[in-house]
Amino acid sequence: MSTYHSLDDWLSWMDDISSKDYVIIDNFFREELYSGIKSFFLGKLPNFKEAGIGAHSDFQVDAKVRGDFTYWLDRKRDVQLQNYWDVLDETILIFNRYCYLSLSGYEFHLAHYPSGGHYDKHLDQFENRNNRMISMIIYLNDDWKHGDGGELEIFEKNGTSFLVQPIGARCVMFKSAVVPHAVLKAHKSRFSLTGWLLYQPSSVGTLFV
C-alpha cells in the first residue's frame, strides 16, 4: 500500500492512541502540503464565522466559553485541498484496518482564534449526537513562540494535565469521547485545521444517543 506516511510510523501512532488515548505528531504535513493548506486558509479568512457550542437545536454562540471563528470544509467544493483529502482518506483507512473503528465519515473546519480567543474545558461529543470517534487537529502557525498562548491543554485520567504548543504542521489526535481538553487564551492569531473522524456521517449522528 502506497501511503503519505510510512506504515511503521502509522503503527507507532496507533499504538500511542490505543494506550494513551492521544498521540502528538510533529511534521505531519510535508512543506508543500502545509504551504498549500496555509495559503487556502488565509484566502478564506473573510468567510469565517463566529463559532458556537452544541449541535442542531442546541447550537448557540457564547464568547465566554469559546472565542474562535471557523470555516467548514466541503470536499466537493474545496477541490484545492485534494492532497489533504487524500491524506484524510489514508488516516481513516489506517484507523479502520488497525484499530477496527469502522469509521465512515468526517467533518473538518479551519479555525482562527484571534488574540484573546480561547475554548473552555470540554469533550468533543454532544448529548444528542455521539458519532465523533477521533478528534484531529493540525496546527498552521509559523514561528510560534513560548508566550504566544493558544496552547491545547489535555487532561489525563489521573487528574493531571499538560500543554501542547500549537506549532506549524504538528498534529494531535485523541479519542473524542474520553479526552477532555481546552484551548488557552491566544495572544496572537492562532490557526488550525480541526475535525473529527466519524462512526456515522454527521447527518445520521442523532440516531446514536
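The structure presented is a predicted model; accordingly, all values stated were derived computationally and were not measured.

1. With respect to a nonpolar patch on the surface
Then comes step 1: On the surface, Leu7, Leu11 and Tyr98 cluster together to form a nonpolar patch covering roughly 220 Å² of accessible area.
Then comes step 2: Turning to its location among the elements, Tyr98 is positioned in helix 3 (residues 82-99).
Then comes step 3: Judged by its relative accessible area of 32%, Tyr98 is partly exposed.

2. Concerning the confidence of the model for the protein
Then comes step 1: Per-residue pLDDT for the protein has a mean of 90; in total, 88% of the residues score no lower than 70.
Then comes step 2: In this model, residues 204-209 is a region of pLDDT below 50 whose contacts with residues beyond four sequence positions or in other chains number 13 contacts.

3. Notes on unusual backbone geometry
Then comes step 1: Phi is positive for Asp21, which is not a glycine, with a value near 80 degrees.
Then comes step 2: Following the sequence through the fold, Asp21 ends up in the loop between helix 1 (7-20) and strand 1 (22-25).
Then comes step 3: In the Ramachandran plot, Ser102 falls in the positive-phi region, its phi being about 60 degrees despite a non-glycine side chain.
Then comes step 4: Along the chain, Ser102 falls in the loop between helix 3 and strand 4 (105-113).

4. Side note on the packing of helix 1 against helix 3
Then comes step 1: Running from N to C, helix 1 and helix 3 point in directions that differ by 65 degrees, and their axes come no closer than 11 Å. The interaxial crossing formed by helix 1 with helix 3 has right-handed handedness. Between helix 1 and helix 3, the residues in contact are Leu7, Trp10, Leu11, Met14, Ile17 and Ser18 and Glu90, Thr91, Ile94, Phe95, Tyr98 and Cys99, respectively.
Then comes step 2: Of the residues that constitute the contact of helix 1 with helix 3, the class distribution is nine nonpolar, two polar and one charged.

Conventions and cut-offs
What you see as residue numbers is a count from 1 along each chain, following the sequence as written. For a predicted model such as this one, the threshold for reporting local features is a pLDDT of at least 70, and the threshold for listing and counting side-chain atom pairs is 80 or more; totals across whole chains, interfaces and linings nevertheless cover every residue. Hydrogens and waters are ignored; side-chain quantities use all the structure's heavy atoms. Patch construction takes residues with relative accessible area above 30% that form no salt bridge. Like charges are linked within 9 Å, and nonpolar side chains (Val, Leu, Ile, Met, Phe, Trp, Tyr) are linked within 5 Å. Under the convention used here, a 1.4 Å probe and the Shrake-Rupley method define accessible areas, while residue burial counts only the protein chains that appear. Salt bridges are counted wherever a side-chain nitrogen of Lys or Arg sits within 4 Å of a carboxyl oxygen of Asp or Glu. In DSSP terms, a helix is any run of H or I states spanning at least four residues, a strand is any run of E spanning at least two, and both are numbered starting from the N terminus. Whether a residue is buried, partly exposed or exposed follows from its accessible area with a 1.4 Å probe, protein chains only, as a fraction of its type maximum: under 20%, in between, or over 50%, in that order. Every residue is assigned a pLDDT by the predictor, reflecting its confidence on a scale from 0 to 100. Residue contacts are defined here by distance: any two heavy atoms, one from each residue, within 4.5 Å place the two residues in contact. Note on geometry: axes are lines fitted to C-alpha atoms, helical ones only across the stretch in contact, with angles between N-to-C directions running from 0 to 180 degrees. Left-handed is the label given to a crossing in which the near helix is rotated counterclockwise from the far helix by less than a right angle, and right-handed is the label when the rotation is clockwise. Residue polarity is assigned by list, with Asp, Glu, Lys and Arg as charged and Ala, Val, Leu, Ile, Met, Phe, Trp, Tyr, Cys and Pro as nonpolar; anything else, Gly included, falls into the polar class.

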